Amino acid sequence: MSARIISGIEVAGEIRQEIKRDVEALKSRYHIEPGLVTILVGNNPASISYVTAKQKTAKELGFYSIEENLREDITQEELIFMIDKYNKDDRIHGILVQMPLPKHINEREVIYAINPDKDVDGFHPVNMGRLLIGEALFYPCTPYGIQQLLIKSGIETEGAHVVVVGRSNIVGKPIAIMLCQKAKGANATVTICHTATKDLASHTKRADILIVALGSPKAITADMVKEGATVIDVGVNRIGVTPDGKAKLCGDVDFEAVKEKVYAITPVPGGVGPMTITMLMLNTLKAAKRTVEMQGG
Ligand code: NAP
């Protein structure tokens, strides 16, 4: 039987409605609009499309948003100077620097420059450290989106064996840490796989929930998954151009074959992607609410 398709578009839509209501309440009660600045350096087409989508969503949800598009050859000092300006700007609650940055800029230094209270991407080491001890201020957006997809789709993580393929700082490691916390929507037994893992399939086949973030098209095939598992495909691979000129995408999982074997699966596009942007908005809303709380509201 074909799998249940977990639609990130639907779940993200529900969460966006909740955000919209909260934004309206924040505006009417405290005259505060969640404020987000996106900072893009250069002309990377994928980065431009991500930032455009983030700006569009911010506007739809009633946020105050600023878009900074900087030239490719901006210096690290100039970029950090700009970040500092927004660190001090009370109307801005979230600062998003679109990655990757040009090679002459040290990404780590840039992330360090963002005030952790405004780090709505959740990449600052303070926020990563808080995540590790189960006291996250902001969860990184993609792992946060994955966890919410599981919760809202009623997929039980408690006691489940979760196998994560990939150990990047933005997806693999944080989702593994989040799902092994002793908490609601977590409490799983987690295995992390990477390029040095011996016999990858022997691990993926044991997963009740398989989360794949390795960055290679259709790398996970049907023989590598357990019957009845839930598969979350994080991968976004550009494999050509559609007739209407858009990028043709596929995930890290061989969707057509795997969906015949598993209980539930996320598609690409339309799975994890829409959740990531929505979680950025949720983090920005949270940052705005925190400023109200800190002022005793
Ligand atoms: P990344 O930084 O390139 O990390 C890839 C990870 O996968 C690494 O840990 C690597 O292991 C591991 N890996 C690669 N090939 C492998 C293999 N054959 N077997 C086992 N492990 C393997 O990638 P990322 O930033 O985490 O992104 C992963 C994918 O998710 C990409 O397609 C990206 O576009 C997508 N993504 C999607 C979203 C979204 O919102 N939908 C957000 C972020 C990323 P080593 O550590 O040993 O090198």
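Look a little higher up for the structure.
Residues numbered from 1 in each chain as written. Predicted model: local features only at pLDDT ≥ 70, side-chain atom pairs only at ≥ 80, totals over all residues. Heavy atoms only, no water.

## Section: the packing of helix α6 (residues 141-152) against helix α7 (residues 172-180)
Remark: α6 packs on α7, axes separated minimally by 9 Å, with the N-to-C direction vectors making an angle of 40 degrees. Viewed along their axes, α6 and α7 adopt a mutual orientation that is oblique. Where α6 crosses over α7, the two elements pack in a sense that is right-handed. Residues Pro143, Tyr144, Ile146, Gln147 and Leu150 of α6 pack against Pro174, Ile175, Met178 and Leu179 of α7. (Axes fitted to C-alpha atoms, helices over the stretch in contact; angles between N-to-C directions. Helix = DSSP H or I, 4+ residues; strand = E, 2+ residues; numbered from the N terminus. Parallel < 35°, antiparallel > 145°, perpendicular 65-115°, else oblique. Left-handed = near helix turned anticlockwise from the far one by under 90°. Contact = heavy atoms within 4.5 Å.)

## Looking at the site of the ligand
The immediate surroundings of the ligand are formed by 19 residues, with Arg167, Ser168, Thr195, Val236 and Thr276 found nearest. Side-chain polar atom of arginine 167 to an oxygen atom of the ligand: 2.8 Å apart, as the coordinates give it. With respect to the ligand, the side chain of serine 168 contributes an N or O atom lying 2.5 Å from an oxygen atom. Across the complex, the protein chains shield 67% of the 920 Å² of accessible surface that the ligand would expose by itself. For the shell around the ligand, the class distribution of residues is nine nonpolar, nine polar and one charged. (Near = heavy atom within 4 Å. Polar contact = N/O pair within 3.5 Å; in protein donor to acceptor, adjacent residues only side chain to side chain. Areas by Shrake-Rupley, 256 points an atom, 1.4 Å probe, with all protein chains shown as cover. Nonpolar A, V, L, I, M, F, W, Y, C, P; charged D, E, K, R; others polar.)

## Some remarks on unusual backbone geometry
With an omega of 0 degrees, the peptide bond running from methionine 99 to proline 100 counts as cis. Mapping proline 100 onto the fold places it in the loop between β4 (94-97) and α4 (107-113). The step from valine 268 to proline 269 runs through a cis peptide bond, and the omega angle for that step is 0 degrees. Mapping proline 269 onto the fold places it in the loop between β11 (264-265) and α10 (272-294).

## Observations concerning the nonpolar core
Ile19, Ile146, Ile211, Ile232, Val234 and Met281 are the most contacted members of the largest nonpolar core, which has 46 residues in total. Looking at this core, the elements with two or more residues in it are α1 (8-30), α6, β5 (161-165), α7, β7 (209-212) and α10. Sort the elements by how many residues they give to this core and α10 lands first, with ten residues. Each of domain 1 (29-119) and domain 2 (141-273) accounts for three or more of the residues forming this core. Apart from the residues lying within four places of it in its own chain, the contact partners of isoleucine 19 are Leu61, Phe63, Thr278, Met281, Leu282 and Leu285. By size, the runner-up hydrophobic cluster in this structure holds 18 residues, among which are Ile83, Tyr86, Ile95 and Val110. (Core = buried A, V, L, I, M, F, W, Y, C linked by side-chain atoms within 4.5 Å. Buried < 20%, exposed > 50% of the residue type's maximum accessible area, 1.4 Å probe, protein only. Domains from an automatic or database assignment.)

## Points about the sheet that holds strand β3 (residues 64-70)
Across the sheet, three strands lie side by side as β3-β2-β4; this open sheet has parallel pairing. In this open sheet, the two strands that pair with only one neighbour each are β3 and β4. Neighbour-to-neighbour, the strand axes of this sheet turn through a mean angle of 15 degrees, independent of strand direction. In terms of strand pairing, strand β2 (residues 35-41) meets β3 through seven bridges, oriented parallel. Opposite threonine 38, over in β3, you have glutamate 67 as the bridge partner. Running over the sheet, α10 touches β2 and β4 and is turned about 130 degrees from β2. (Pairing = 2+ DSSP bridges.)

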